[in-house]
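Structural overview for review
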Amino acid sequence: MGAGPAGLTAAYQLLKAGVSSIVLEKDAVVGGISRTTSYKGFSFDIGGHRFFTKVPAVEQMWHEVLSETDFLRRKRLSRIYYKRKFFYYPLRAGNALLGLGLWNSISILGSYVWAKFFPLRPERTFEAWVTNRFGARLYRTFFKTYTEKVWGMPCSEITAEWAAQRIKDLSLWTAVMSAFMGRERPNNPKAIRSLINSFHYPRKGPGMMWEAVLSLVRAGGVVVANESPVQTVRWNAGGVTSVRAGSEDGIRDVNGTHFISTLPIRDLIQKMEPAPPAAVREAAERLKYRDFITVALILNRKNLFPDNWIYIHEPSVRVGRIQNFKNWSPDMVPNVGKTCLGMEYFCFEGDGLWNMPDQELIRLAGRELMTLGLARAEDIEDGTVARMPKAYPVYDSTYEEALGVVREFLKPLGNLQLIGRNGMHKYNNQDHSMLTAMLAVKNILGEQHDLWGVNVAPIYGEETSREEETTSGSLCGSSQPTVPGRVKEPALL
C-alpha cells in the first residue's frame, strides 16, 4: 500500500526474490515525497533529496537502477542565512568567526562550557537536547528559529528523540573539529550525515530513480495501480485478509498472504474494517503531521547563488529553506540562462498558508526572496505551487504514547508490516525507509527482523560503520541477479 521509496523498494526486492506483488498508489505519479515535479520543462523536488547512505544494500539498489551517467556525484554547498549574513554549514571557522563577531563567538564558547558542566535535565525536549550539545546561545542563534518554522511549535514541545535521530553525534565540538580539521569525506564510515560534503543525485531529480524502479517492476510483471487509493483494510484475529482500493472509476478487492503498508498510521487505522477499539482510534488521531508547500520560482538569471540550498534563520519571513535546483543538477533547468528556485514553506493542512491561492503564494515567495536580498523583482518571470500533505510525522509530547497504543494493537496481525516514514510515523531518511522495506521482504521470506530498530539500534543507525553493516548479514547486498526476472501470477500485496 503506497508507491513511495519504501513501497517500490519492497516490490523491487520481492521481484528479485521471485515473488509477485501488487502495489496500490493513490496518486497518478510514484515516489511520494521523493517525486520530481515538472513545470514548463523546469524540474523541482518536493524538498531536496540527497542520495547518501551507509547501508550497502541500499547503495547497491541505487546503482542497479540508474546508470553512472544518470546518477551524478554532486558537491554539497549549503549555508545558513542569519541577520543578512551567510554561514557555511558544515561550519567553517573563519566564516563563523567573522560573521558572528569575536565577542559573540566567545559568548557561544562560554555558553557551551556552561552546558557541559550544568546540562539541562531531564533531556526530554529538542531544546534541552540541542542546548546540552551546543550551548544555549548557539541553540538560539542557529537552531530555534528554523526548527520552529519547520514544526510550527515551540522547541520545548518537540521531543528529544527527533534531534537524536536527525543530528545524532553532532555537537559544537564535532562541528568545530570539522571546521579546523577539514570537512567529512563521503567514504568515511564514521561520517556524520549532517557533515558530508558530497552526495549522489539523479540527473533529472529523485523522481527519476522511482520512475526507473516503476518501469523495472512493471516489466517484471508487478501490477502497480496508480490512482487507486486504499478504501478499506479488512482484518480479523488472524491478520489482514484483503484490501479494497480504487476510486469512482473502479473499485477492486485485493487478496493476499502478506500486506505491507506505507500509509500514514492515522489513515490506516481509519480504514480498518471492522473498526479498531475506540482507544486505538483515539490514539491514532493524536498522531500529527506537518505539511509542506514548494513555490517554484523561475528567474531570468543565469546564476543567483552557488548553494544547493539555504536554511533561512530569519524570523521576518515565512520561507524556511530555499533550494537552487540548477545547482543540484544542470538538467533540472532547460535554459542555461535561467534559474529555478524552490521556496519551501512548512504548514498544517487547512491553515492560512495551505489554503492560500497559488498566485498569492507565488507573490509571497517573490516578495520574500526580494526581502532577503537574493533577487530583484524584474528577475522573477513565473512560478508554480506544489503541496504535499503529511510530509513530516510530528514528534510532539504525546506521539510516543499514542504510537505505542497503535503498535500494540497491530502486533497480533502477523501478516501486516509497516514500513517507511509515514507508515511507521518515524522521521526516517530515504535510505532508512528503503531499509525497512528490504527487511520486511526478508521477513516475508522467512527471516526475522525488527523493523522498528532501523535508525535506532546501533547496527541500523547513521553512524554504523560499513564493516559493521557488512558483517550484520541482513544489510549486505543480495545474492539475487541484478536484473529482476519475470514472476508469475500475483500472490502478495
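Our subject is the structure that appears above.
Residues numbered from 1 in each chain as written. Predicted model: local features only at pLDDT ≥ 70, side-chain atom pairs only at ≥ 80, totals over all residues. Heavy atoms only, no water.

1. So, the overall build of the protein chain
Of regular secondary structure, the protein chain possesses 19 helices and 19 strands. Pairs at least 24 apart in sequence give 73% of the contacts found in the protein chain among residues at least 6 apart. Working note: accessible area of the protein chain is about 20,400 Å², and carbon and sulfur atoms make up 53% of it. (Helix = DSSP H or I, 4+ residues; strand = E, 2+ residues; numbered from the N terminus. Contact = heavy atoms within 4.5 Å. Areas by Shrake-Rupley, 256 points an atom, 1.4 Å probe, with all protein chains shown as cover.)

2. A few points about the sheet that holds strand S11 (residues 250-255)
Reading across the sheet, the four strands line up as S11-S10-S9-S13 and stay open at both edges, with mixed pairing between neighbours. Only two strands of the sheet have a single partner each, and these edge strands are S11 and strand S13 (272-273). In terms of strand pairing, strand S9 (residues 230-236) meets strand S10 (residues 239-247) through six bridges, oriented antiparallel. Along S10, the bridge assignment pairs Asn-236 with Gly-239. (Pairing = 2+ DSSP bridges.)

3. Comments concerning the pairing of strand S15 (residues 309-312)
Neither face of S15 is open: one carries Trp-309 and Tyr-311, the other Ile-310 and Ile-312, and all of them are buried. Note: strand S5 (residues 78-82) against S15, four bridges, orientation parallel. Counterpart to Arg-79 in the pairing with S15 is Ile-310. Pairing geometry for S15 and strand S16 (residues 321-324), over three bridges, is antiparallel. Within S16, the position partnered with Ile-310 by the bridge is Ile-322. (Buried < 20%, exposed > 50% of the residue type's maximum accessible area, 1.4 Å probe, protein only.)

4. So, the environment of Glu-59
Within the secondary structure, Glu-59 sits in helix H2 (residues 56-65). Residue class for Glu-59 comes out partly exposed when judged on its relative accessible area of 24%.

5. Side note on the sheet that holds strand S18 (residues 380-393)
The strands that make up a sheet are held in pairs by hydrogen bonds between backbone atoms, and each pair lies either parallel or antiparallel. In spatial order, the strands read S6-S5-S15-S16-S17-S14-S18; together these seven strands make up an open sheet with mixed pairing. Single-partner strands in this sheet number two, and they are strand S6 (85-89) and S18. On average, adjacent strands in this sheet sit at an angle of 25° to one another, irrespective of strand direction. (Axes fitted to C-alpha atoms, helices over the stretch in contact; angles between N-to-C directions.)

6. Digging into the side chain of Arg-79
With respect to the helices and strands, Arg-79 occurs in strand S5. A polar contact of 2.7 Å, which involves the side chain of Arg-79, links it to the side chain of Asp-307. (Polar contact = N/O pair within 3.5 Å; in protein donor to acceptor, adjacent residues only side chain to side chain.)

7. Here's the deal with the nonpolar core
Phe-126, Trp-151, Ile-269, Leu-410 and Leu-416 are the most contacted members of the largest nonpolar core, which totals 120 residues. In terms of nonpolar packing, the next biggest core, distinct from the first, is built from 28 residues, Tyr-81, Ile-312, Tyr-345 and Leu-364 among them. (Core = buried A, V, L, I, M, F, W, Y, C linked by side-chain atoms within 4.5 Å.)

8. A look at unusual backbone geometry
A cis geometry characterises the amide bond from Arg-121 onward to Pro-122, with omega recorded as 0°. Looking at where Pro-122 falls in the secondary structure, it is placed in the loop between helix H4 (102-117) and helix H5 (126-134). The phi dihedral of Lys-40 is positive, around 50°, even though this residue is not glycine. Its place among the elements puts Lys-40 in the loop between strand S2 (36-39) and strand S3 (42-45). Relative accessible area serves as the criterion here: at 60%, Lys-40 is assigned to the exposed category. Located in the positive-phi region is His-425, a residue other than glycine, with phi close to 50°.

9. Regarding the packing of H4 against H5
Taken N-terminus to C-terminus, the directions of H4 and H5 make an angle of 110°; their axes are 6 Å apart at the nearest point. If you check the angle between H4 and H5, you find them roughly perpendicular. When H4 is examined against H5, the residues Tyr-112, Ala-115 and Lys-116 are found in contact with a partner set consisting of Thr-131, Asn-132, Arg-133 and Phe-134. For the contact of H4 with H5, a count of residues per class yields three nonpolar, two polar and two charged. (Parallel < 35°, antiparallel > 145°, perpendicular 65-115°, else oblique. Nonpolar A, V, L, I, M, F, W, Y, C, P; charged D, E, K, R; others polar.)

10. Examining the packing of aromatic side chains
Counted by the stated rule, this structure contains 24 aromatic pairs. Between Phe-134 and Phe-143, the ring centres sit 4.7 Å apart and the planes meet at 50°, which makes this aromatic pair tilted. The burial state of Phe-134 is the same as that of Phe-143; both residues are buried. Members of the aromatic cluster, each reached through a chain of ring pairs, are Tyr-146, Trp-151, Phe-199, Tyr-201, Phe-292, Trp-309, Tyr-311, Trp-328, Phe-346, Tyr-392 and Tyr-427. A cation over an aromatic ring shows up here: Arg-407 above the ring of Trp-452, its NZ or CZ 4.0 Å from the ring centre. For Arg-421, the ring lying beneath its charged end belongs to Tyr-427, and the centroid distance is 4.3 Å. (Phe/Tyr/Trp six-rings, centres within 6.5 Å; stacked < 30°, edge-to-face > 60°. Lys NZ or Arg CZ within 6 Å of the ring centre and 35° of its normal.)

11. Structural notes on the pattern of salt bridges
Where charged atoms from two side chains of opposite charge come close, those side chains can pair. All chains considered together, the criterion is met by 21 salt bridges. When the shortest N-O distance is used, the salt bridge between Arg-234 and Asp-253 registers 3.2 Å. With a gap of 19 residues between them, Arg-234 in strand S9 and Asp-253 in strand S11 connect regions that are remote in the sequence. Across the pair Asp-379 and Arg-301 runs a salt bridge whose closest N-O atoms are separated by 2.9 Å. Placement of Asp-379 in the loop between helix H15 (358-371) and S18 and of Arg-301 in the loop between strand S14 (289-299) and S15 is noted, with a sequence separation of 78 residues between them. Judged by relative accessible area, Arg-301 falls into the partly exposed class, the value being 25%. Through salt bridges with shared partners, a single network forms among Arg-234, Arg-244, Asp-253 and Glu-273. (Salt bridge = Lys/Arg side-chain N within 4 Å of Asp/Glu carboxyl O.)

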